[in-house]
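Coordinate inspection notes
Below, each chain spelled out in residue letters.
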Amino acid sequence: MLRVDVEKQLGEFSLHATFASEGRVTGLFGASGAGKTSLINMIAGLLRPDRGTIVIDGETVDDTASGIHVPTWRRRIGYVFQDARLFPHLNVAQNLDYGRRMNRLAADPAQRTRVVELLDLGALLDRRPGKLSGGERQRVALGRALLSKPRLLLLDEPLGALDEARKLEILPYLVRLRDEANVPMVYVSHDVAELRQLATQIVMLRQGRVTSFGGVKVLT
Amino acid sequence: MLDISPAEWTAILLSLRVAIIATLVATPFGIALAWLLARRDFWGKSVLDAVVHLPLVLPPVVTGYLLLLTFGRRGLVGSFLADHLGIVFAFRWTGAALACGVMSFPLLVRPMRLSIEAIDRKLEQAAETLGAAPFKVFFTVTLPLALPGVLAGMVLGFAKAIGEFGATITFVSNIPGETQTISSAIYSLIQTPDGDAAAGRLVIVSIVLALGALISAEWFARRATARLHGN
């Protein structure tokens, strides 16, 4: 599903990570500064590796040896950022449909209804992002990423900016997403409890290196 | 109220036409340049930035003279345009529009650039991850979010264009009905005996137009802030 073997020098910090994942949810675990966000940004194409390859769903999206670098917008990925990043000039419904419009996909009312129900967005559709709570924003961001029909969903600490109560509010949605949405995910977090609940596979990162790889039990 | 004579109306309408055309033609260039200066790093960027601001600090008569040398009938660009495209600037209202466009360009670009700089690039990245190609990112995210700044730049540019005097009179002279704008009409009137009343009326018109432009620019700027906060 996803194969990564990359090197990147960022100032003093060097990142060298190799892993392959087949699981439904790959948890990228590590302390802050371990290189998690840089790694996920390379998978998204927002950051270009100095050396190495990235293969998503059989397609080589990065291969420095042969000069391949597929731009982000052609990678067909979904990305949920810690800070939601909803478009402030569009309402929730327009935010949700943005990816479908940009990818020139035909309207899929069935999928849209399913996602809206899955994430309980029905009551929010007419609102502007400025009028949403942090938890609501994050749910809309999840829906927006899903509706662009990605082949891989990247989540960079999607609960990181929320307080405990809001986290507990969103977690069940993420579990439902994992079990029902049928899109493989890479989930970045430094929270062991979160990853125990969600991940099916763990990549542990420390100071830019993969220190262990395996099932959720490596988190002990 | 104001008893405006036909000759004064001619000058006012010509000023409006010159300023509107100058603003509309300058806007796409202004947006492109604002985006370039706000979002791209390239060799010679500070030089380009300085050249854009030059009309703001150069004596207007110098800008007008340079326009005459370049776009006049015998000028390098002027003769080419006249021979091949039939576009003549010298002593025509189109030349006045060109002079006004050049003179107001720095004021037009600045709010546009500031509003593009104020847009969180993370939003543009988010658009990319959703499958938007760079030009689509620009038209669906960058430009809509910068729109109040773009409008503010247009209003400010328009206000400057309608008041332009030095470069215009140097480049295209002061021909009633063709190149005599409000400013050059006032200039002629105050040199004429008994011209005071007419000059006074045009002065009031200028003040009203300038104030109106400044107030609407302020209003657009407030809208920009509200828009970026998603309300």
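Residues numbered from 1 in each chain as written. Chains lettered and ligands numbered in written order. Predicted model: local features only at pLDDT ≥ 70, side-chain atom pairs only at ≥ 80, totals over all residues. Heavy atoms only, no water.

1. Digging into the nonpolar core
Residues Leu 2, Leu 39, Phe 87, Tyr 98 and Leu 154 of chain A are the most contacted members of the largest nonpolar core, which totals 56 residues. Looking at which element gives the most residues to this core, the answer is helix H7 (residues 134-163) of chain B, with eight residues. Sequence-distant contacts of Leu 154 of chain A, that is, excluding residues within four places in its chain, are made with Ile 40, Ile 43, Ala 44, Ile 77, Gly 78, Tyr 79, Val 80 and Val 186 of chain A. (Core = buried A, V, L, I, M, F, W, Y, C linked by side-chain atoms within 4.5 Å. Buried < 20%, exposed > 50% of the residue type's maximum accessible area, 1.4 Å probe, protein only. Helix = DSSP H or I, 4+ residues; strand = E, 2+ residues; numbered from the N terminus. Contact = heavy atoms within 4.5 Å.)

2. Observations concerning the UniProt feature "domain: ABC transporter" (unreviewed entry) in chain A
When the UniProt feature table is mapped to this numbering, "domain: ABC transporter" (unreviewed entry) covers residues 1-220 of chain A. For residues 1-220 of chain A, the end-to-end C-alpha separation is 26 Å, with 31% helix and 28% strand making up the annotated structure. (UniProt positions renumbered as here; feature names shortened; annotations may be inferred.)

3. Digging into helix H5 (residues 164-180) of chain A
Residue and element names in this part refer to chain A. End to end, H5 covers 25 Å across 17 residues, agreeing with the expected 24 Å (1.5 Å per residue, within 8%). Where H5 bends most, the angle comes to about 25 degrees, and this point is Ile 170, followed within four residues by the proline Pro 172. Among the residues of H5, Lys 167, Ile 170, Leu 171, Tyr 173, Leu 174, Val 175, Leu 177 and Arg 178 are the ones counted as buried. In the core, the buried residues of H5 are packed alongside strand E3 (25-29), helix H3 (109-118), helix H4 (134-147), strand E8 (152-156), strand E9 (185-189) and helix H6 (192-198). A positive backbone phi angle near 65 degrees is found at Asn 182, which sits one or two residues after H5. (Expected span 1.5 Å × (residues − 1). Bend = angle between axes of the 7 residues up to and from the residue.)

4. Here's the deal with the layout of surface pockets
All names here are of chain B. Reported here for the largest pocket is a volume of approximately 650 Å³. For the largest pocket, the lining is made up of 25 residues, of which Ala 26, Leu 98, Gly 101, Val 102 and Phe 105 are closest to its centre. At seven residues, the largest contribution of residues to the lining of the largest pocket is made by helix H5 (residues 93-117). Tallied by class, the residues present in the lining of the largest pocket amount to 21 nonpolar, four polar and no charged. (1 Å grid on protein atoms, 1.4 Å probe; cavity = no way out; pocket = protein on both sides within 12 Å on 5 of 7 lines; lining within 4 Å. Points joined across faces, edges and corners; volume = space filled by probe spheres on them. Nonpolar A, V, L, I, M, F, W, Y, C, P; charged D, E, K, R; others polar.)

5. Here we look at unusual backbone geometry
Residue and element names in this part refer to chain A. For Arg 76, which is not a glycine, the phi torsion comes out positive at approximately 55 degrees. Structurally, Arg 76 can be placed in the loop between strand E6 (68-69) and strand E7 (77-80). Overall, Arg 76 belongs to the partly exposed group, its relative accessible area being 47%. Positive phi, normally seen in glycine, also occurs at Arg 85, with a value near 55 degrees. Tracing the sequence through the fold places Arg 85 in the loop between E7 and helix H2 (92-102).

6. Overview of the interface of chain B and chain A
Opposite the 22 residues of chain B that make contact, chain A presents 25 residues. Buried surface at the junction of chain B and chain A, summed over both partners, amounts to about 2,100 Å²; 62% is from carbon and sulfur atoms. Counting the surface chain B buries against chain A, the share from its top three residues, Leu 123, Thr 129 and Leu 130 of chain B, is 30%. Here chain B and chain A share one salt bridge between them. The closest approach of N and O atoms between Lys 122 of chain B and Asp 83 of chain A, which form a salt bridge, is 3.7 Å. Among the elements of the structure, helix H6 (121-129), H7 and helix H10 (196-228) of chain B are those that each provide at least two residues to the side of chain B that touches chain A. Looking at which element gives the most residues to the side of chain B that touches chain A, the answer is H6 of chain B, with seven residues. Its residues assigned to classes, the side of chain B that touches chain A shows eleven nonpolar, seven polar and four charged. (Buried area = accessible area lost by both parts, 1.4 Å probe. Salt bridge = Lys/Arg side-chain N within 4 Å of Asp/Glu carboxyl O.)

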